[in-house]
Amino acid sequence: MTRFALLPALLALPLAACNQPKPVYVDGAYVRLNPNPDNPSAGYLTIHGGSTPVTLRAIETDAAVRLEMHESMTHGGMASMAPIDTVDVPAGSKVEFKPGGKHIMLWQVNQQAIAAGKVEFKLTFSNGDRLLVDAVIQGPGGKPVGSGGAAPSAGADDTHTEVH
Ligand SMILES: [Cu+2]
């Protein structure tokens, strides 16, 4: 009889593992420098939702004087954009910041960051999670800068930086 008493405890182990909340994570982060240093550069990344819905509350960086989250839209062939304060990240979703959509605007990217070829973003979520993400810096047209190495996203268009 005592053997059976062990069973419930053993069965509970895999269930407990499944109940561990799967965290949000971020990948594919990069910054495309504006050819005109007086105009803002654009940053992009992809947020992968975890097992519970969260809201992105803020993105910060030490590598630029100013950072804003924006959303681009096209109406009748006219591109425009507006600042956004928060971004919902539903459970299991993929939320992309990409050319023509949501993006990060960076004013006066730090020269040391450009020389190093990367900036660090800090993302703060509604559940208290804070993620530090390295974004590779690309020059205008997607060329690598500094010692940052290869550009991760061939094919991304430059229309956004031209809008600014
Ligand atoms: Cu913008």
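Details of the structure are given in the entry above.
Just so it is clear, the structure is predicted and the values come from calculations on it, not from any experiment. (Residues numbered from 1 in each chain as written. Predicted model: local features only at pLDDT ≥ 70, side-chain atom pairs only at ≥ 80, totals over all residues. Heavy atoms only, no water.)

Caption draft 1: Spatial organisation of the overall build of the protein chain. For the protein chain, the count of helices and strands is three helices and ten strands. Its helices and strands taken in sequence order, the protein chain reads α-β-β-β-β-β-β-β-β-α-β-β-α from the N to the C terminus. The 164 residues of the protein chain split such that 37% are buried. Restricting the contact set of the protein chain to residue pairs at least 6 apart, pairs at least 24 apart contribute 66%. Accessible area for the protein chain stands at about 9,600 Å²; split by element, carbon and sulfur atoms hold 56% of it. (Helix = DSSP H or I, 4+ residues; strand = E, 2+ residues; numbered from the N terminus. Buried < 20%, exposed > 50% of the residue type's maximum accessible area, 1.4 Å probe, protein only. Contact = heavy atoms within 4.5 Å. Areas by Shrake-Rupley, 256 points an atom, 1.4 Å probe, with all protein chains shown as cover.)

Caption draft 2: Molecular detail of the pairing of strand β10 (residues 130-138). Pairing of strand β1 (residues 25-32) with β10, which is carried by three bridges, proceeds in the parallel orientation. Counted as the bridge partner of Arg32 is Gln138 from β10. Pairing of strand β9 (residues 118-125) with β10, which is carried by seven bridges, proceeds in the antiparallel orientation. The partner of Leu123 across the bridge, within β10, is Leu131. What sits between the antiparallel neighbours β9 and β10 is a turn of four residues, in which Gly128 has the positive phi angle 95°. (Pairing = 2+ DSSP bridges.)

Caption draft 3: Spatial organisation of the coordination of the copper ion. Around the copper ion, the protein supplies His70 (ND1), Met81 (SD), His103 (NE2) and Met105 (SD) as donor atoms, at distances of 2.0 to 2.3 Å. If you look at the copper ion, its four donor atoms make angles of 90 to 133° with each other, and the shape they trace is tetrahedral. Look at where the donors of the copper ion fall in the sequence and you get H-x10-M-x21-H-x1-M. Pair noted here: His70 is in strand β4 (residues 64-75) and Met81 is in strand β5 (residues 78-83), with a separation of eleven residues, a long-range link. (Donors = N, O, S within 2.8 Å, 3.2 Å for Na, K, Ca; no water. Tetrahedral: all angles 85-135°; square planar, octahedral: opposite > 155°, others 65-115°.)

Caption draft 4: Here's a closer look at the nonpolar core. In this structure, Ile47, Phe121 and Leu123 are the most contacted members of the largest nonpolar core, which totals 31 residues. Looking at this core element by element, the count peaks at four residues for β9. When neighbours within four sequence positions are excluded, Phe121 is seen to be in contact with Val31, Leu45, Ile59, Glu60, Thr61, Leu67, Ile104, Leu106, Leu131, Leu132, Val133 and Ala135. (Core = buried A, V, L, I, M, F, W, Y, C linked by side-chain atoms within 4.5 Å.)

Caption draft 5: Fine view of the pattern of salt bridges. Per the stated rule, a full pass over the model turns up five salt bridges. Asp134 is the salt-bridge partner of Lys118, the closest N and O atoms lying 3.3 Å from each other. Here the residue Lys118 occupies a position in strand β9, and Asp134 occupies one in strand β10, the gap between them amounting to 16 residues. By relative accessible area, Lys118 is classed as partly exposed at 42%. (Salt bridge = Lys/Arg side-chain N within 4 Å of Asp/Glu carboxyl O.)

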